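Okay, here's what each chain looks like letter by letter:
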Amino acid sequence: MPMVLLECDKDIPERERHIYLKVDGEDTRDFLPISNAPTIPGTLSERGCSFCGAKLVIGGVLKDTIQMIHGPIGCAYDTWHTKRYPTDNGHFNLKYVWSTDMKESHIVFGGEKRLEKSMHEAFDEMPDIKRMIVYTTCPTALIGDDIRAVAKRVMADRPDVDIFTCECPGFAGVSQSKGHHVLNIGWVNEKVGTVEPEITSKYTINFIGDYNIGGDTQLLQKYWDKLGIQVIAHFTGNANYDDLRGMHRAQLNVVNCARSAGYIANELKKRYGIPRLDIDSWGFNYMAEGIRKVCTFFGIEEKGEALIAEEYAKWKPQLDWYKERLKGTKMAIWTGGPRLWHWTKSVEDDLGVQVVAMSSKFGHQEDFEKVIARGQSGTYYIDDGNELEFFEIIGLVKPDVIFTGPRVGELVKKLHIPYINGHAYHNGPYMGFEGFVNLARDMYNAVHNPLLSLAAIDIRGGAAATSQEAAE
Amino acid sequence: MGCEITTKERAGVINPMYDCQPAGAQFAGIGIKDSIPLVHGGQGCCMFVRLLFAQHFKENFDIASTSLHEDSAVFGGHKRIQEGVMVLAQRYPDLRVIPLITTCSTEVIGDDIEGNIAHCNAALKEAFPGRKIHIVPVHTPSFKNSQVGGYSECMLSVIKTIATHKGAPNGKLNLFPGWVNPGDVMLLKRYMREMDVEATVFMDTEDFDSPMMPDKSIHTHGRTTVEDIAGAANAIGSLALARYEGGTSAQYLQTEFEVPNTQVNTPYGIANTDAMLQAISRITGKPIPESLVRERGIALDALQDLAHMFFAGKRVALFGHPDLVIGLAQFCLEVELKPVLLLLGDDNSKYKKDPRILDLKAKADWDMDVVCNADLWELEKRVKNPDYQIDLILGHSKGRYVAIEHNIPMVRVGFPTFDRAGLYRKPTMGYQGAMDLGESIANTLFAHMEFNKDREWLLNTW
């Protein structure tokens, strides 16, 4: 009976179809959690909204672009200082957020004039910045403000600026995933092919679905440089707006995050015939495999092998030191979606870590197919897990460490379980060879923190074990 | 010379100082014991606010969403409310209060909140006979006011919904501290104990700083109970410490139940704390004890070492919640700091007539700007202007890059302060808060002198 109805879900039995326990000997094709489905209200789900999927995850990463959010102030405030994607230009993207600060009169009479004025002001106040993305939000979508028309007018008034519009209100779709899709498709429809990039190498790629979390993009860039491969566009880590307008000129699309950016890779293939190559950038085995695939495509296998050998010589001893000490550690992953299948096998192969439970906020069917194929038996695979389910699953699998966001991290701390920031990393980057050593180091430091064993002690003596049992 | 009170001229906002109304409503809602706010809107409206609270308090708070999806935007979100309430009631058996918080989307759609609550109440009565869950309607469209108004609105709705009738006098004082840290709540509760006054704090957020316990139990929740709220109508009086955060609730209790309300200056600094304690003494008839006279003396003694040697004439920019900014400006004057820029971050028209601001204006014999509906770009522009010298910034973490980029010492105060450790635990109010803040300012200035090698030798003999 691999689909599981948890005790806490007895009043919402439809949750059974979202939780899968992989069992040896059963055909996993018979069981796949429902995913990308509406959230049950009041469950304390972990999901965000589709606006954030567009602005916070993808668009807001760009290092030279004004992010104009057309709506009340909260949508701007809330998607500011909640991500770690630095840039090589002093983190312009992290320092600022822009809002039209919609008020009631604009809801009644329309907010287009307000938007137009705010756009001009933003360009006037920051005269060096010439690029902008405008986002709708729930209320401006509901009242039907035509942000595309406004953007056209502003571009007509200011010939040196370029503006992209993203119409993705928070209520669209069931999670942030919808926002990824809207931005991907909008961008390829309107902006790809409008700038001709300078080609400096025989070998060109787009690196898609990597947002320079903790410096990931910048770390991987060292590999591409060594291989003599030109990255025309990073979608969107450490990227400029205009880099992404030249994506049509790459020979190959290398995709890391297939969930948030697989769409644009597919469209580039359809429209421009650029092949799509999916790789995993986390973990030694995977990263080496990814480099080999890319190099095979270009016929530069020797360069690839030389790079891998060099990186292994440098980092593998350190990884092995941690592997020796992490072997058998039980890990849970509660993140967005793809990191479940990126990580479950890489931590097992490279570090001897057992992933015992995984929950995805916005993964789709293909994400679950992948993670169940790669993951272990005896492991729980959960779609859109909620707080009470997390408590129950923790009781069932007793993880030693949980990769999740900081808020849930604060919650599990009370249960004496350390967390690692699975979204933004503790001390990244985590991609590549060096990055996976960082991940191993952070996991080691978390699991071996002496405070955790101190927390379990009841200084009154004797009572600790009893009360602990009572709590479980 | 003098004070000018203006409003930001730009329409748009670059770097906001406040979040929107529903965020403030959620903060008030989690201050109640056995309460889970249910935010009626898109999932981001609750998810990011939970993250914000976690960033500031380093704690998780339970807040639910009706998870408004596209179909609800077209057909209305009634079913999402009803299902959300029922799911919460079923899965959280101790739940007693659900603040039902609207957002911009659901106010634009026009969902009938009161009608849905009536429906939910009937359904709950049938499903859970003998169990009372208070569903509180909180109308907080994001396109009005800000987190400041949302906090006040939720507080008022909670009182209106639960404190419904006058009973026997309970001899207690209603204390409305405003949107403050657990450190302030703990300080105020200590003052009440020292004065032998029984008080109810709206909301008691002491446990927003909660422990890791050997039995792994979780204590992160508000402490103000349903009984406390119902009892607000029977108090001997209300004391409102913040005009814009809870002041309206105290007024309502006076109008509706004849609970006399006293509005005092927010107790930042020595004189404002004096006035608060004297007001408590007046309302309750209890004397101010020796221990507080002594604490006051220690604070004065400590601040005296700093004021005219290090602080005098330093030009300070302040931003944050209105009651905090105004109160801190008054504190600045006590310690000879010069508040030259006060930024208030929403379009509340009452700020310009606030008696405390008018008093500052009357006193100002230096240039002072008060900017209403301000954003942090107003701060950054002035900081960049060489003629507009700023020596110190007092504000929350959203302004951190202004300080970092322009090498200006900044002391974190207010909400949120996610880029400094443990500030939520420390009081800013009262004598102790004034002393702690003064010493933080001094130590920040001292570290700045050292890192910039700016007369750091002064400190050799201090």
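Here the structure is a predicted model, which is why all the values come from computation and not from measurement.

Reading the values: the criteria
- Residues numbered from 1 in each chain as written.
- Chains lettered and ligands numbered in written order.
- Predicted model: local features only at pLDDT ≥ 70, side-chain atom pairs only at ≥ 80, totals over all residues.
- Heavy atoms only, no water.
- Helix = DSSP H or I, 4+ residues; strand = E, 2+ residues; numbered from the N terminus.
- Rg over C-alpha atoms; globule rule 2.2 N^0.38 Å.
- Buried < 20%, exposed > 50% of the residue type's maximum accessible area, 1.4 Å probe, protein only.
- Contact = heavy atoms within 4.5 Å.
- Areas by Shrake-Rupley, 256 points an atom, 1.4 Å probe, with all protein chains shown as cover.
- Lys, Arg positive; Asp, Glu negative; His and termini not counted.
- Charge placed at Lys NZ, Arg CZ, Asp CG, Glu CD.
- UniProt positions renumbered as here; feature names shortened; annotations may be inferred.
- Pairing = 2+ DSSP bridges.
- Axes fitted to C-alpha atoms, helices over the stretch in contact; angles between N-to-C directions.
- Buried area = accessible area lost by both parts, 1.4 Å probe.
- Salt bridge = Lys/Arg side-chain N within 4 Å of Asp/Glu carboxyl O.
- Polar contact = N/O pair within 3.5 Å; in protein donor to acceptor, adjacent residues only side chain to side chain.
- Expected span 1.5 Å × (residues − 1).
- Domains from an automatic or database assignment.

### Details of the overall build of chain A
Counting secondary structure elements, chain A contains 19 helices and 14 strands. Taken over C-alpha atoms, the radius of gyration comes to 23 Å for chain A, in line with the 23 Å a tight globule of 472 residues would show. The principal-axis extents of the C-alpha atoms in chain A amount to approximately 75 × 60 × 45 Å. Here chain A holds 472 residues, and 63% of them are scored as buried. Counted over contacts in chain A with a minimum sequence separation of 6, partners at least 24 positions apart contribute 74%. Working note: accessible area of chain A is about 16,600 Å², and carbon and sulfur atoms make up 52% of it. With 53 positive and 64 negative side-chain charges, chain A shows a separation of 3 Å between the mean positions of the two kinds.

### Some details on the overall build of chain B
On a plain count of helices and strands, chain B comes out with 18 helices and 15 strands. The C-alpha atoms of chain B give 23 Å as radius of gyration, which agrees with the globular expectation for 462 residues (23 Å, within 12%). Restricting the contact set of chain B to residue pairs at least 6 apart, pairs at least 24 apart contribute 75%.

### As for the UniProt feature "domain: Nitrogenase/oxidoreductase component" (unreviewed entry) in chain B
Those residues carrying the UniProt feature "domain: Nitrogenase/oxidoreductase component" (unreviewed entry) are residues 20-445 of chain B in this numbering. From the first C-alpha to the last, residues 20-445 of chain B spans 33 Å; its make-up is 46% helix and 13% strand.

### Regarding unusual backbone geometry
For the bond running from A:Phe235 to A:Thr236, omega is 0 degrees, close enough to zero to count as cis. Topologically, A:Thr236 is positioned in strand β7 (residues 229-236). Cis geometry is found at the peptide bond from B:Phe202 to B:Met203, where omega equals 0 degrees. Although it is not a glycine, A:Lys398 adopts a positive phi angle of roughly 45 degrees. With respect to the helices, strands and loops of the structure, A:Lys398 is situated in the loop between α15 (387-397) and β13 (401-404). With a phi close to 55 degrees, B:Asp34 is a non-glycine residue in the positive phi region.

### Considerations on the sheet that holds strand β11 (residues 315-320) of chain B
All names here are of chain B. With parallel pairing, the six strands of this open sheet are ordered in space as β1-β13-β12-β11-β14-β15. Edge positions in the sheet fall to β1 (2-7) and β15 (410-412), since each has one partner strand and no second. Ignoring which end each strand starts from, the neighbouring axes of this sheet average 15 degrees apart. Here three bridges tie β11 to strand β14 (residues 392-395), and the two strands are oriented parallel to one another. Residue Val316 lies in a different strand from β14, and its bridge partner there is Leu392. In the packing of helix α16 (residues 376-384) onto the sheet, the strands contacted are β11, β12 (338-344), β13 (367-372) and β14, and the crossing angle to β12 comes to about 145 degrees. Against the sheet, helix α18 (residues 430-451) contacts β14 and β15, and its axis sits at roughly 145 degrees relative to β15.

### Regarding the interface of chain A and chain B
Listed per partner, the contact involves 78 residues of chain A and 75 residues of chain B. Taken together, the two surfaces of chain A and chain B that pack against each other cover about 6,600 Å², and 61% of this comes from carbon and sulfur. Per-residue buried area on chain A facing chain B is highest for A:Tyr77, A:Arg407 and A:Lys414; these three make up 13% of the total on that side. Linking chain A with chain B are six salt bridges, by the criterion used here. For the salt bridge of B:Arg50 with A:Glu387, the shortest nitrogen-to-oxygen distance reads 3.1 Å. Connecting chain A to chain B are 30 residue pairs in polar contact (both at pLDDT 80 or more).

### Some details on the pattern of salt bridges
Applying the stated criterion across every chain yields a total of 66 salt bridges over all chains. Between B:Arg382 and B:Glu378 there is a salt bridge, and its shortest N-O distance comes to 2.9 Å. Taken together, the positions of B:Arg382 and B:Glu378, both in helix α16 and four residues apart, correspond to about one turn of that helix. Among the salt bridges present, the one from B:Asp419 reaches B:Arg420, with a minimum N-O distance of 3.9 Å. Judged by relative accessible area, B:Arg420 falls into the partly exposed class, the value being 42%. Salt bridges linked by common partners bring A:Arg131, A:Asp162, A:Lys191, A:Asp242 and A:Arg245 together as one network.

### Things to note about helix α8 (residues 177-190) of chain A
Residue and element names in this part refer to chain A. Between its first and last C-alpha atoms α8 spans 20 Å; for 14 residues at 1.5 Å apiece the expected length is 20 Å, and the two agree. Taken together, the buried positions of α8 are Ser177, Gly179, His180, Leu183, Asn184, Gly186, Trp187 and Val188. Residues of α8 that are buried make contact with α1 (50-55), β4 (131-136), β5 (162-166), β7 and α10 (258-272).

### Comments concerning the domain arrangement of chain B
Residues and elements named next belong to chain B. Assigned domains of chain B: these are domain 1 (3-14 + 311-458), domain 2 (21-145) and domain 3 (173-290). Taken over C-alpha atoms, the centre of domain 1 sits 26 Å from the centre of domain 3. Contacts between domain 1 and domain 3 engage 29 residues on the former and 29 residues on the latter. Between domain 1 and domain 3 the total buried area reaches about 2,500 Å² when both faces are included, carbon and sulfur atoms providing 56% of it. At the junction of domain 1 with domain 3, the criterion picks out two salt bridges. In this structure, the salt-bridge partner of Arg425 is Asp209, at a minimum N-O distance of 2.7 Å.

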